[in-house]
Amino acid sequence: MERKKVSSQGLKIIVCIKQVPAVPDVRIDPVTNTLIREGVPSILNPWDVIGVEEGIRLRERYGGEVTVITMGPLQAKEAVIGALAMGADRGIILSDLTFAGADTIATAHTLLAQIKKMWYDIIICGKLSIDSETGHLGPHLAELLDIPQICYVKKVDVDMIERKVIAQKEADDGIEVVEAPLPVLITTTNSLNEPRLPTLREAVNARRKKIEVVTASELGGDLSKYGLKGSPTFVDKLFRPPARRPEMLLQGDPKEAVEILVQALLNRNIVNVRSRE
Amino acid sequence: MVSKTEIGGAEESASYKGVWVFAEQKDGNLRGVGLELLGVGRRLADRLGEELVAVLLGCGIEELAKDLVAYGADKIILAEHELLGRYTTETYMNVLAELVYKYKPSVLLMGGTLNGRELAPRLAARLSTGITADCTDFDIDKDGHLLQIKPFSKLMAKIKCRTKPQMATAKPNAFKRLKPDWSRKATVIREEVKVSPNETRTRVIEVVKTTNSIYGNVEEADAIVAGGRGLGSKENFKLIHDLADLLGATVAGTRSVVDRGWLPASQQVGQSGKMVTPRLYIAVGISGATYHTVGMQKSEVIVAINKDVKAPIFQIATYGIVGDLFEILPIFMDRLKKEYQEGVDIEQPSEQKPSNPY
Ligand SMILES: Cc1cc2nc3c(=O)[nH]c(=O)nc-3n(C[C@H](O)[C@H](O)[C@H](O)COP(=O)(O)OP(=O)(O)OC[C@H]3O[C@@H](n4cnc5c(N)ncnc54)[C@H](O)[C@@H]3O)c2cc1C
């Protein structure tokens, strides 16, 4: 896409968001080997909340528009409403049975088909989603769009004249300051910002906003890359984690229990273990 | 540059051979996770009857190849260039992608370091293949497919990938390295890579090195005291620090504890935290969710203190005490103090011992 050097419209920001179960230990459907999300209370993935907040802050500083996009069942509308209540301008939900059962690659292809139709300067993804914790989506999407990525961002500024971002990011040995030309994809960390809580009024108003629902046929693109069928990875089998053989389970008088434990540890010569240098 | 290709039918797929391990280095030092992956990679390659290949990228790092051979590699692919000196995602990805197109490995394993977590998924998208994050075990099925094993809710999942290379990441400490055998021989293939500065659109302007936190590194600790939600509050969590101080142990916790801000994320143990293998792991007020236990079950001795006799942690604990932690911990600490005062072969606490932040 050809872009003007200096845009008078500020930044076009897209935030990818996901609805996730509010409880960590969700049950598994024994037939399909997928998580049973029905009837489980859901929230907007906390790392994405930070992403929405950063999108809004960037718009407040540089002008422009924030669009949130999610792929998921229709109930994921709640996540979009949450983002609109915070102040996002536009909400899109990609929802179709064809998209179900997608792994990270198939999800990235689905989002890609939508994003390719839009203008974007900055795409924000959460560091990871708390229901699967892979953190793959951002890098997948950046590669499919052929744009630079900056993951684990702690602070981000935009040079509107040069059309580039300058960001601080976490690195294995500290913090790196990096710059990249727009358009760019960034992923969040929790030191990026402190997300706002929408007021009751904002929450109510958000429910009145229109949310664009996009089905597979409306989305177009290569349908064979979506959903379970388009996913290169799949769960083949599930099994119980192997148990170790417990040596003793102590119940009853705490003093006695502690004494037995300490003796056992002393016998194994293990209570005087100190941290490795 | 080779165009992006997709793997066609079974015949094409069968032409992919060999187990590759990306041996990440930083400032000329190999990262431990690469050597650990060579350990499990050796087992996979032997099962497949194929080669184990270590891929080494950097600048002036040739002598690291010796270590990779000693730790199990049959072959080293070495690419050196000044632009590979410090890691950047796009340049590293471009070079690795070219190598994969050229040699077509069947399996590609990468360490789940911060860099690895940026690089591996981007490379997978480039190669149009699948990738599984943070595997805790691997195996080969009867058809020669890689089984990528990791926790899935309360169970463990065996995940397969329909495309090749079959890519996966694993965290540091998830696997054991082999005993180094310095007499092993291997071929080193030098790859001439063409890299241009324009390839990387992200430019590093500055690096601010930070020192380790006062908490100490759980990945290297010999003894760990870990607390869970059962502690009830950040104030109560002091008990965990006190016990750890007494034992010269490092403090850790569950995701619940990190989510509540009782500990920094650096101390989280489990699927989305660190993998630890201390001699002693004391789990206090921790239920023992699979996502937590995959990170600590390889500890030599596990002690669990929990008031719920049905808590799954007791299934993997070497020694379990059923009871109220607020009652047990003070007794345990008093008893340990007594032991230490009697002074039987107790080492002095090390200088680098993490200080109690309270
Ligand atoms: C994708 C994903 C990744 C995850 N990754 C991780 C991870 O890396 N690490 C991790 O730890 N978790 C992880 N989790 C979360 C995990 O599933 C559990 O929710 C979490 O480990 C539970 O933490 P906990 O044991 O502290 O809390 P709980 O499960 O609430 O357990 C608290 C325990 O304390 C006991 N207790 C309470 N009061 C007392 C008392 N007075 N005396 C003694 N015992 C008491 C209770 O009996 C209970 O067993 C992940 C979840 C998901 C979905």
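Nothing here was measured: the structure is a model prediction, and the numbers come from that model. Here the residue numbers are simple positions, counted from 1 along each chain's written sequence. Chains and ligands are labelled by the order in which they are written, letters from A for the one and numbers from 1 for the other. Restriction of local features to residues with pLDDT of at least 70 applies here, the model being predicted, together with a cutoff of 80 or more for giving and counting side-chain atom pairs; totals for whole chains, interfaces and linings are based on all residues. Neither water nor hydrogens contribute to the side-chain values; these are computed over all heavy atoms in the structure.

1. Topic: the overall build of chain B
Okay, step 1: Along its length, chain B carries ten helices and 18 strands.
Okay, step 2: Here the globule rule is a power law, 2.2 Å times the number of residues to the power 0.38, and the radius of gyration is based on C-alpha atoms. For a compact globule of 358 residues, the expected C-alpha radius of gyration is about 21 Å, and chain B comes in at 23 Å, within 12% of that figure.
Okay, step 3: Seen through its C-alpha atoms, chain B measures out along the principal axes to roughly 65 × 45 × 40 Å.
Okay, step 4: Accessible area is worked out with a 1.4 Å probe on protein chains only. A residue is then buried under 20% of its type maximum, exposed over 50%, and partly exposed in between. The proportion of buried residues among the 358 residues of chain B is 60%.
Okay, step 5: Throughout, a contact is declared for two residues whenever any of their heavy atoms are within 4.5 Å. Partitioning the contacts of chain B with sequence separation of at least 6, the portion at a separation of at least 24 is 66%. Helix and strand assignments follow DSSP, with helices taken as H or I runs no shorter than four residues and strands as E runs no shorter than two, numbered in order from the N terminus.

2. A short note on the interface of chain B and chain A
Okay, step 1: Taken together, the contacts link 100 residues of chain B with 83 residues of chain A.
Okay, step 2: A pair is scored as a salt bridge if a Lys or Arg side-chain nitrogen falls within 4 Å of a carboxyl oxygen belonging to Asp or Glu. Summed over the shared surface of chain B and chain A, the result is ten salt bridges.
Okay, step 3: Residue E176(A) is joined to R86(B) by a salt bridge in which the shortest nitrogen-to-oxygen separation is 2.5 Å.
Okay, step 4: Element by element, the count of residues in the side of chain B that touches chain A is highest for helix α5 (residues 114-127) of chain B, at nine residues.
Okay, step 5: Under this grouping Gly is polar, as are all residues other than the nonpolar Ala, Val, Leu, Ile, Met, Phe, Trp, Tyr, Cys and Pro and the charged Asp, Glu, Lys and Arg. Residues belonging to the side of chain B that touches chain A are distributed by class as follows: 44 nonpolar, 23 polar and 33 charged.
Okay, step 6: In this scheme, strands are said to pair when DSSP sees at least two bridges between them. Sheet analysis places strand β12 (residues 233-239) of chain A next to strand β10 (residues 155-161) of chain B, joined by six bridges and oriented antiparallel. Across the sheet, residue V235(A) finds its bridge partner in β10(B), namely I159(B).

3. Details of helix α4 (residues 137-145) of chain A
Okay, step 1: Judged by how many residues are buried, α4(A) sits mostly within the fold: seven of nine residues are covered.
Okay, step 2: D146(A) sits one or two positions beyond α4(A) and adopts a positive phi of about 55°.

4. With respect to the confidence of the model for chain B
All names here are of chain B.
Okay, step 1: Counting all residues, the mean pLDDT for chain B is 91, and 91% of those residues have values of 70 or more.
Okay, step 2: Per-residue confidence from the prediction method is given by pLDDT, with values spanning 0 to 100. Confidence drops under pLDDT 50 across residues 1-8; counting only partners more than four residues distant or on other chains, this segment forms 21 contacts.
Okay, step 3: Confidence drops under a pLDDT of 50 for residues 344-355, and excluding neighbours within four residues, the segment shows 21 contacts in the predicted structure.
Okay, step 4: If you check the scores for this complex, the pTM reads 0.89 and the ipTM reads 0.92.

5. Remarks on the sheet that holds strand β12 (residues 187-191) of chain B
Residues and elements named next belong to chain B.
Okay, step 1: Spatial ordering of the open sheet is given by β7-β11-β6-β1-β4-β5-β12, a layout of seven strands whose pairing is parallel. Edge strands, defined here as strands with exactly one partner in the open sheet, are β7 (131-132) and β12.
Okay, step 2: Two strands pair when backbone bridges link them, and strand β4 (residues 52-58) and strand β5 (residues 75-80) are joined in this way by six bridges, in the parallel orientation. Bridge pairing in β5 links L56 to L78.

6. Details of the environment of T250(B)
All names here are of chain B.
Okay, step 1: Checked against the element boundaries, T250 lands in strand β15 (residues 250-253).
Okay, step 2: Judged by relative accessible area, T250 falls into the buried class, the value being 2%.
Okay, step 3: Sequence spacing of T250 and H145 is 105 residues, and the spatial spacing of their C-alpha atoms is 39 Å.

7. Details of the packing of aromatic side chains
Okay, step 1: Each aromatic pair joins two rings of Phe, Tyr and Trp (for Trp, the six-membered one) with centres within 6.5 Å, and gets the label stacked for planes under 30 degrees apart, edge-to-face for over 60, and tilted for any other angle. Under the counting rule described, the total for this entry stands at seven aromatic pairs over all chains.
Okay, step 2: Ring plane angle 75° and centroid distance 5.6 Å describe the contact between F99(A) and Y226(A), whose orientation is recorded as edge-to-face. Placement of F99(A) in the loop between β5 (90-94) and α3 (104-115) and of Y226(A) in the loop between α6 (216-219) and α7 (227-230) is noted, with a sequence separation of 127 residues between them. The same class applies to F99(A) as to Y226(A), namely buried.
Okay, step 3: Centre to centre, the rings of Y71(B) and W182(B) are 6.5 Å apart; their planes meet at 80°, and the pair counts as edge-to-face. Of this pair, Y71(B) sits in the loop between α3 (64-70) and β5 while W182(B) is found in the loop between β11 (166-170) and β12, placing the two residues 111 residues apart along the sequence.
Okay, step 4: Its relative accessible area of 11% is what places Y71(B) among the buried residues.
Okay, step 5: In this scheme, Lys NZ or Arg CZ marks a charge over a ring once it lies within 6 Å of the ring centre and within 35 degrees of the ring normal. A cation over a ring is seen here: K158(B) above F239(A), with NZ or CZ 5.2 Å from the ring centre.
Okay, step 6: In this structure, K298(B) is placed above the aromatic ring of F175(B), and the distance from its NZ or CZ to the ring centre is 5.5 Å.

8. Let's talk about the pairing of strand β18 (residues 319-322) of chain B
Okay, step 1: Both faces of β18(B) are covered, namely the face carrying Y319(B) and I321(B) and the face carrying G320(B) and V322(B).
Okay, step 2: Pairing between strand β13 (residues 248-250) of chain A and β18(B): three bridges, direction parallel. Across the sheet, residue M248(A) finds its bridge partner in β18(B), namely Y319(B).
Okay, step 3: As defined by bridge partners, strand β17 (residues 301-306) of chain B adjoins β18(B) across four bridges and the pair is classed as parallel. Looking across to β18(B), one finds that V303(B) is bridged to Y319(B).

9. Examining the sheet that holds β10(B)
Okay, step 1: One open sheet holds the four strands; their spatial order is β12(A)-β10(B)-β9(B)-β8(B), and the pairing between them is antiparallel. Across the chains shown, the open sheet's two edge strands, defined by having one partner strand only, are β12 of chain A together with β8 (137-140) of chain B. Within the sheet, the average angular offset between the axes of one strand and its neighbour, ignoring direction, is 35°.
Okay, step 2: For β8(B) and strand β9 (residues 146-152) of chain B, the ladder comprises four bridges, and the chain directions are antiparallel. Across the sheet, D139(B) pairs through a bridge with L147(B), a residue of β9(B).
Okay, step 3: Sheet strands in contact with helix α2 (residues 32-48) of chain B are β8 and β9 of chain B, and its direction is about 10° off that of β8(B). Comment: axis = line fitted to C-alpha atoms, over the contacting stretch for helices; angle = value between 0 and 180 degrees taken between N-to-C directions.

10. Considering the site of the ligand
Okay, step 1: It suffices for a single heavy atom of a residue to lie within 4 Å of a molecule or strand for the residue to be listed as near it. Around the ligand, a shell composed of 31 residues is seen, among which D25(A), R229(B), T254(B), S272(B) and S287(B) lie nearest.
Okay, step 2: The ligand sits at a junction of chains, with neighbouring residues supplied by chains A and B.
Okay, step 3: Two N or O atoms count as a polar contact when they lie within 3.5 Å, although within protein this holds only if one can serve as hydrogen donor and the other as acceptor, and sequence-adjacent residues are included solely when both atoms are side-chain atoms. Separating an oxygen atom of the ligand from a side-chain N or O atom of S256(B) is a distance of 2.9 Å.
Okay, step 4: Contacts to the ligand include S272(B), whose side-chain N or O atom sits 2.7 Å from a nitrogen atom.
Okay, step 5: Every accessible area reported is derived by Shrake-Rupley at a probe size of 1.4 Å, with residue values counting cover from the shown protein chains alone. Here the ligand loses 90% of its free accessible area of 980 Å² to cover by the protein chains.
Okay, step 6: Secondary structure elements with two or more residues in the shell around the ligand: α7 (255-259), α8 (290-293) and α10 (325-341) of chain B.

11. Things to note about the pairing of strand β16 (residues 280-284) of chain B
Residue and element names in this part refer to chain B.
Okay, step 1: Across the five residues of β16, five count as buried, placing the element largely inside the fold.
Okay, step 2: Of the two faces of β16, both are covered, the one formed by L280, I282 and V284 as well as the one formed by Y281 and A283.
Okay, step 3: Bridging between strand β14 (residues 223-227) and β16 involves five bridges; their strand directions are parallel. Note that in β16 the partner of A226 across the bridge is A283.

12. Describing the domain arrangement of chain B
All names here are of chain B.
Okay, step 1: Domain borders in the structure are assigned automatically or taken from a domain database. We note that the domain assignment places domain 1 (4-199) and domain 2 (218-342) within chain B.
Okay, step 2: On the domain 2 side, the residues contacting the 14 residues of domain 1 number twelve residues.
Okay, step 3: Here the quantity called buried area is the total loss of accessible area, with a 1.4 Å probe, experienced by two parts when brought into contact, counted for both. Of the roughly 1100 Å² buried where domain 1 meets domain 2, counting both sides, 49% is carbon and sulfur surface.
Okay, step 4: The largest contributions to the domain 1 side of the interface with domain 2 come from P151, K171 and N173, which together make up 48% of the buried area.
Okay, step 5: Our count for the domain 1 to domain 2 interface comes out at zero salt bridges.
Okay, step 6: For the pair domain 1 and domain 2, the interface holds seven residue pairs in polar contact (both at pLDDT 80 or more).
Okay, step 7: Elements that contribute at least two residues to the side of domain 1 that touches domain 2 include exactly β9 and β10.

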